[in-house]
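Fold and contact review
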Amino acid sequence: MNKNREIAQIFETIADMLEVLEENRFKIRAYRNAARNIMELGDKIEEVEGRGELQSISGVGADLSRKISGYLETGKIEEYERLKERVPPGAVELLSIQGLGPKTLATLIKKLGVRGLSDLEKVLDGEEIKKLPRMGQKKIEEMRRGIQIVKEGGERIPLGAALPTALEITSLVREMPGTLDAVITGSIRRMKENNKDIDILALTRDGGSVIKAFVELPIVREVHAQGETTGSIITGEGVKVNLRVAGPDSWGGALQYFTGSQAHNVKLRILALSKGCNLNEYGVFRGENRIAWKSEEEFYEALGLEWIPPELREDRGEIEAAAKGEIPDLIQLADIRGDLHTHSTWSDGRYGIEQMAAAARDMGYEYIAVTDHSPSSRIANGLSTERLMEKKKDIQRARKRVTGISILFGAEVDIKSDGSLDYPDDVLKELDVVIAAVHSGFNMERAAMTARITAALKNPCVHALAHPTGRLIGTRAPYEMDIDEVIDTALKHGKALEVNSQYLRLDLNDINTKQAVDKGVKIIISTDAHHTNQLKLMGLGVGTARRGWLQTKNVINALGINDLKRWLKTPGKLSA
DNA sequence: GCCGTTTTCGGCCCGACTGTTTTCAGTCG
């Protein structure tokens, strides 16, 4: 079990409990802040504790580090145990219900003895609740709807699903009379892998009527809020969409504010205060004077910062880097010169080699590797050695028929449980590109899985490790393995790790990518396309990689074809 | 409870919208 997650969740729950008890709000924030940083920590917290470095974690001081050590030793945190007696843990979970906050929950616990969801449902149907202060019929209805949403799952929307929907709604907004422009903001602009809602900002001089048109769109199932500057709706599909409007006189401030993240914005505001400024969604102010508002660049500059790409705005060191002028030159979609992980009808793809190659060429790529599955992947119609050699002939044919792109002969080769590969080395040597991947036996023990994967990385025929952690967003946890050791092994043997762009994978994720990048490991960003359309998923991988602070110089498939071929021959030898 | 480019003490982000009020508390982002 992941101790980072356990501890982060306990700290979050403690914060919730303290909120219900109306404790000092800065203490509450301290718990939340520490929880977030522990969650995002690349290292395992046991190891940090072992090195005696808990207090190097941002937001963890003397007291919280003691609590963490105590938890690792005994499995308990005393304060948490004490709090559980005062605030029923089942009741705390009710805070995830929209419209039900800490104050209301405290009253419900105190006056009506609510200890969990079923209690709340009963109470909402009763008469007693109506006697509570500030409690009317609408409030009760709002909580009922909130319960419904939680029961429906209230799940986060994966980026790959959120982005197209957000684009669609944004273009509807852009077409509204009086709208000058509309853009996606919020977590989707930051390319987060999953998203609670969709945030859109419209540029207009007539906010009220744009908001009015927005809440009247046919896609709207329910209007959550409607004001002069903000509208909030639930779509027929149950997705929450927030629209914010801003005029040209505050565009930069609004764009910055509405892009977040919250942690990034809070830190910026503290920085502004230290410089004698104030900031809000209308701009940067010095006393009564507004000193920046037009653009994000101007906004950041007023605070003495370089402009920060949205993907970095998570309070993971980007503000400090921007102050020093050290924001990295992040990889962009346009820097990608080819796709090194795709499938064809030879295994489980929908299109032949020629069609995949032509589609890649039409996207402006210089090369594509068609990397079908190996024999152990039976379900995916993996290729026997014999069929692999037939495929080689097909590749050669395709090279003649589809010009303007280099077609590389590749395979996505299973890493078997013992760490050996699914083709013998003399077959692997025939291939231009060898991507190794785990497709079975996910539930191995940590040490065994680590050994299995590192063994594959040590094979001189292997170029890269595909979807290194095996996680599926919202479905399957990463394999138990030592990611640090995998990264170190890749570095030592000059092998690349993949950022897979399939939207339930995005694997490596942002944090693991940053760990790998910080150590100097090369990355391939690939689509794993099983369809010509899926070649377009590259943007999701690039977005994830940017969140991992990935620079063009670290990306193998940002190399031109000649440099790529050189690297493929001797992956360990390429200099940065 | 954390933290330091004026600080080891005294700070800690800011505004919009709703519902239940009659001036604002609660919630959200």
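Residues numbered from 1 in each chain as written. Chains lettered and ligands numbered in written order. Predicted model: local features only at pLDDT ≥ 70, side-chain atom pairs only at ≥ 80, totals over all residues. Heavy atoms only, no water.

Re unusual backbone geometry
Cis peptide bonds are those with omega within 30 degrees of zero, and the linkage from Gly260 to Ser261 qualifies with -5°. Cis rather than trans, the peptide bond between Asp507 and Leu508 has omega equal to 5°. The residue Met191 is not glycine, and still its phi comes out positive at about 60°. Judged by relative accessible area, which is 12%, Met191 ranks as buried. Even without being glycine, Asp315 reaches a positive phi, approximately 55°. Relative to the helices and strands, Asp315 resides in the loop between helix 15 (296-302) and helix 16 (318-323). Note on Asp315: relative accessible area 13%, which makes it buried. (Buried < 20%, exposed > 50% of the residue type's maximum accessible area, 1.4 Å probe, protein only. Helix = DSSP H or I, 4+ residues; strand = E, 2+ residues; numbered from the N terminus.)

Some remarks on helix 4 (residues 62-74)
For helix 4, spanning 13 residues, the distance from its first C-alpha to its last is 18 Å, which sits close to the expected 18 Å at 1.5 Å a residue. Residues Leu64, Ser65, Lys67, Ile68 and Tyr71 constitute the buried set of helix 4. All buried residues of helix 4 project into a common sector of 160° when viewed along the axis, lining one side. Facing away from the buried side of helix 4, by more than 90 degrees, are the exposed residues Arg66, Glu73 and Thr74. Looking at the buried positions of helix 4, the neighbouring elements they touch are helix 1 (3-20), helix 2 (25-39), helix 3 (45-50) and helix 5 (78-86). Residue Gly75 follows helix 4 closely and has a positive phi angle near 80°. (Expected span 1.5 Å × (residues − 1). Arc of directions from axis to C-beta. Contact = heavy atoms within 4.5 Å.)

Quick word on the protein's contact with DNA strand B
Around DNA strand B, the structure places 48 residues, and the nearest of them are Arg29, Thr104, Arg134, Gly136 and Arg269. Per the 4 Å cut-off to the protein, sugar and phosphate atoms form 72% of the nearby atoms of DNA strand B. A distance of 2.8 Å is found between a phosphate oxygen of DNA strand B and a backbone nitrogen or oxygen belonging to Gly101. The contact in question runs from a phosphate oxygen of DNA strand B to an N or O atom on the side chain of Lys240, over 3.1 Å. Only helix 2, helix 4, helix 7 (102-112), helix 9 (137-151), strand 5 (220-226), strand 7 (240-246), helix 14 (262-274) and strand 8 (278-280) provide two or more residues apiece to the surface near DNA strand B. For the surface near DNA strand B, the class distribution of residues is 16 nonpolar, 17 polar and 15 charged. (Near = heavy atom within 4 Å. Polar contact = N/O pair within 3.5 Å; in protein donor to acceptor, adjacent residues only side chain to side chain. Nonpolar A, V, L, I, M, F, W, Y, C, P; charged D, E, K, R; others polar.)

Observations concerning the packing of aromatic side chains
By the definition in use, this model includes four aromatic pairs. A ring pair is formed by Phe11 and Tyr31, whose centres lie 5.6 Å apart and whose planes are at 80°; its orientation type is edge-to-face. Placement of Phe11 in helix 1 and of Tyr31 in helix 2 is noted, with a sequence separation of 20 residues between them. For Phe11, a relative accessible area of 0% puts it in the buried group. The aromatic ring of Phe442 is capped on one face by Arg476, whose charged end is 4.0 Å from the ring centroid. Here Lys514 stacks its cationic end above the ring of Trp549, 4.8 Å away from the centre of that ring. (Phe/Tyr/Trp six-rings, centres within 6.5 Å; stacked < 30°, edge-to-face > 60°. Lys NZ or Arg CZ within 6 Å of the ring centre and 35° of its normal.)

Here we look at the pattern of salt bridges
Pairing of side chains with opposite charge becomes possible as their charged atoms draw close. Here the structure, examined in full by the defined rule, presents 47 salt bridges. Measuring nitrogen to oxygen at the nearest pair gives 3.8 Å for the salt bridge that ties Asp63 to Arg66. Here Arg66 and Asp63 lie together in helix 4, a separation of three residues that amounts to about one turn. Overall, Arg66 belongs to the exposed group, its relative accessible area being 56%. The residue Arg244 makes a salt bridge to Glu281 at a minimum N-O spacing of 3.0 Å. Of this pair, Arg244 sits in strand 7 while Glu281 sits in the loop between strand 8 and strand 9 (283-286); the two residues are 37 residues apart in sequence, bridging distant segments of the chain. A relative accessible area of 10% places Arg244 in the buried class. Residue Glu281 is classed as buried on the basis of its relative accessible area of 17%. (Salt bridge = Lys/Arg side-chain N within 4 Å of Asp/Glu carboxyl O.)

Some points on the domain arrangement of chain A
Often, the extent of an interface is quoted as the loss of accessible area on bringing the components together. You can read the domains of chain A as domain 1 (3-153), domain 2 (157-246), domain 3 (251-323) and domain 4 (333-569). Spacing between the C-alpha centres of domain 1 and domain 3 amounts to 30 Å. (Domains from an automatic or database assignment.)

Some details on empty space enclosed by the protein
Summed over all chains, the structure comprises three cavities of 30 Å³ or more. Taken as a whole, the largest cavity holds about 40 Å³ of empty space. Around the largest cavity sit Gln98, Glu142, Arg145, Gly146, Ile149, Glu222 and His224, which together line it. Counting residues per element, the ones that place at least two in the lining of the largest cavity are helix 9 and strand 5. It is helix 9 that contributes the most residues to the lining of the largest cavity, four residues altogether. For the lining of the largest cavity, a count of residues per class yields one nonpolar, three polar and three charged. (1 Å grid on protein atoms, 1.4 Å probe; cavity = no way out; pocket = protein on both sides within 12 Å on 5 of 7 lines; lining within 4 Å. Points joined across faces, edges and corners; volume = space filled by probe spheres on them.)

What to know about the environment of Gly101
Relative to the assigned elements, Gly101 resides in the loop between helix 6 (89-92) and helix 7. Between the C-alpha atoms of Gly101 and Val20, which are 81 residues apart in sequence, the distance is 8.4 Å.

Some details on the packing of helix 1 against helix 4
Their axes nearest at 11 Å, the elements helix 1 and helix 4 cross at an angle of 125°. On the basis of their axis angle, the class for helix 1 and helix 4 is oblique. Seen from above, helix 1 lies across helix 4 with right-handed handedness. On helix 4, the residues that touch Lys3, Glu6, Ile7, Ile10 and Phe11 of helix 1 are Leu64, Lys67, Ile68, Tyr71 and Leu72. Along the lines of polarity and charge, the residues of the contact of helix 1 with helix 4 split into seven nonpolar, no polar and three charged. (Axes fitted to C-alpha atoms, helices over the stretch in contact; angles between N-to-C directions. Parallel < 35°, antiparallel > 145°, perpendicular 65-115°, else oblique. Left-handed = near helix turned anticlockwise from the far one by under 90°.)

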